[in-house]
Amino acid sequence: MIASFPNAGSWRLLFLAFAVALASSLTVLFVGEVMGQVPCNLCWFQRAFMFPLAIVLAVAAFRSDAAVWMYALPLAAGGWLVAGFHTLLYAGIVPQAIEPCGPGPSCSSVGMTLGGLPLPALSLSSFTAIIACLLLARGRSAS
Amino acid sequence: MNRRALVIATVAIAAALFAAAAVYYPRSTDGIPPDKSTLIRAHSPVIGPSGAPVTIVEFLDPSCEACRAFHPLVKKIMDDFPNETRLVIRYAPLHEGSDEAVRILEAARLQDKFLPVLEKLFQEQPQWAIHGAPDLEKAWRFAGEAGLDLAKAREAAKSPAIAALLAQDISDMKAIDLKGTPTFFVNGKPLPSFGPQQLYDLVAAEAVAQGAKALSQ
């Protein structure tokens, strides 16, 4: 039996987490496939965490599964760590070793923005929002 | 409020928005053709009749698998349009060891062995061009098997002329913002999309267009 949400508020938080994951996934697909900006190495790791989040959270919201935080939180935490590192790298706080020129974009190239905002920072805020929603939803459904 | 309906509707609306945005996104028309001078240099190897109306410029890397796979197709195009096309080779040494492979090719060109050595290096590529651990001694040996006088070639490969040619090709490769190898330009025009058929079609179209122009003059 699925532990469903006792109140509508925590389900709404789960739904919000799902909406953020879906919007983020589609946005990076748009940037990569339609706008043609090739994802860098670190971007791929963040995608590997964000894409399953969109699907897992969609299923959980559909089934009103309150136990989803156990599955989704580790994914979101993994993505958050990569996004955090990428943001520091992009901001120049973590130095990047000089790599020879070749195919594939650099993880700290200046062109990595969407609407003037750096993509690593957008990614970090998405993962942060998802983690916050999941923790809040869990807190509310537990009490 | 029905939760399930809301989830399904959200997915459907997001997918529709994505599709609509993808369709209406203004795509840049595949880049402005780069300046002619960065595509063709006087020092570049030319295969085929020098006065041919259609010029295929190929940026290639002797260590690149896709260049190896493309080579027979490029040859077929040259065979199908023997009088209309010439092939200009530009080097894009993107892999470790590729610069030395280019030196082998250039030394072979001095001995009039460019094509046999290029084909031998492509054929034996899996033996010597291991990514991360290329074995250039093997590459030299294969070049020798293709008929290269190795003692002379090794000396010639160190010449400043070849170093200058490499430097120029690398600088042009950066100037056109090369994304990968092989990259083709047919009379300065980039391929509409990557693929052997696209190259064949563009060469055929250019051959027809240049033929018609020649007739009307």
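Our subject is the structure listed above.
Residues numbered from 1 in each chain as written. Chains lettered and ligands numbered in written order. Predicted model: local features only at pLDDT ≥ 70, side-chain atom pairs only at ≥ 80, totals over all residues. Heavy atoms only, no water.

Caption draft 1: Region of the structure containing the overall build of chain A. For chain A, the helix and strand inventory stands at four helices and two strands. Each helix (α) and strand (β) of chain A, taken in turn from the N terminus, gives the series α-α-α-β-β-α. Going through the 143 residues of chain A one by one, you find that 41% of them count as buried. Contacts spanning at least 24 positions in sequence make up 76% of the contacts within chain A whose residues lie at least 6 apart. As presented, chain A carries roughly 7,300 Å² of accessible surface, and 72% of it is formed by carbon and sulfur atoms. (Helix = DSSP H or I, 4+ residues; strand = E, 2+ residues; numbered from the N terminus. Buried < 20%, exposed > 50% of the residue type's maximum accessible area, 1.4 Å probe, protein only. Contact = heavy atoms within 4.5 Å. Areas by Shrake-Rupley, 256 points an atom, 1.4 Å probe, with all protein chains shown as cover.)

Caption draft 2: Layout of the sheet that holds strand β4 (residues 183–186) of chain B. Residue and element names in this part refer to chain B. Judged by pairing direction, the sheet is mixed, and its five strands sit side by side in the order β1-β3-β2-β4-β5 without closing on themselves. Looking at strand neighbours, the two that pair on one side only are β1 (46–47) and β5 (189–190), the edges of this open sheet. Strand direction decides the pairing type here: β4 and β5, joined by two bridges, are antiparallel. Bridge assignment links Phe 185 to a residue of β5, and that residue is Pro 190. Across the face of the sheet, helix α9 (residues 160–175) comes into contact with β2 (54–60) and β3 (85–91) while running at roughly 95° to β3. (Pairing = 2+ DSSP bridges. Axes fitted to C-alpha atoms, helices over the stretch in contact; angles between N-to-C directions.)

Caption draft 3: Here's a closer look at the interface of chain A and chain B. Contact residues are listed per partner, giving 20 residues for chain A and 18 residues for chain B. For the chain A and chain B pair, buried surface summed over both sides reaches about 1,700 Å², with 78% attributable to carbon and sulfur atoms. Considering only the side of chain A, the residues that lose the most area to chain B are A:Trp11, A:Val34 and A:Phe62, jointly responsible for 33% of the buried surface there. Where chain A touches chain B, the interface holds zero salt bridges. Applying the counting rule to chain A against chain B returns two residue pairs in polar contact (both at pLDDT 80 or more). For the side of chain A that touches chain B, the elements supplying multiple residues, two or more each, are α1 (8–34) and α2 (41–63) of chain A. The dominant element in the side of chain A that touches chain B, judged by the number of residues it contributes, is α1(A), at nine residues. (Buried area = accessible area lost by both parts, 1.4 Å probe. Salt bridge = Lys/Arg side-chain N within 4 Å of Asp/Glu carboxyl O. Polar contact = N/O pair within 3.5 Å; in protein donor to acceptor, adjacent residues only side chain to side chain.)

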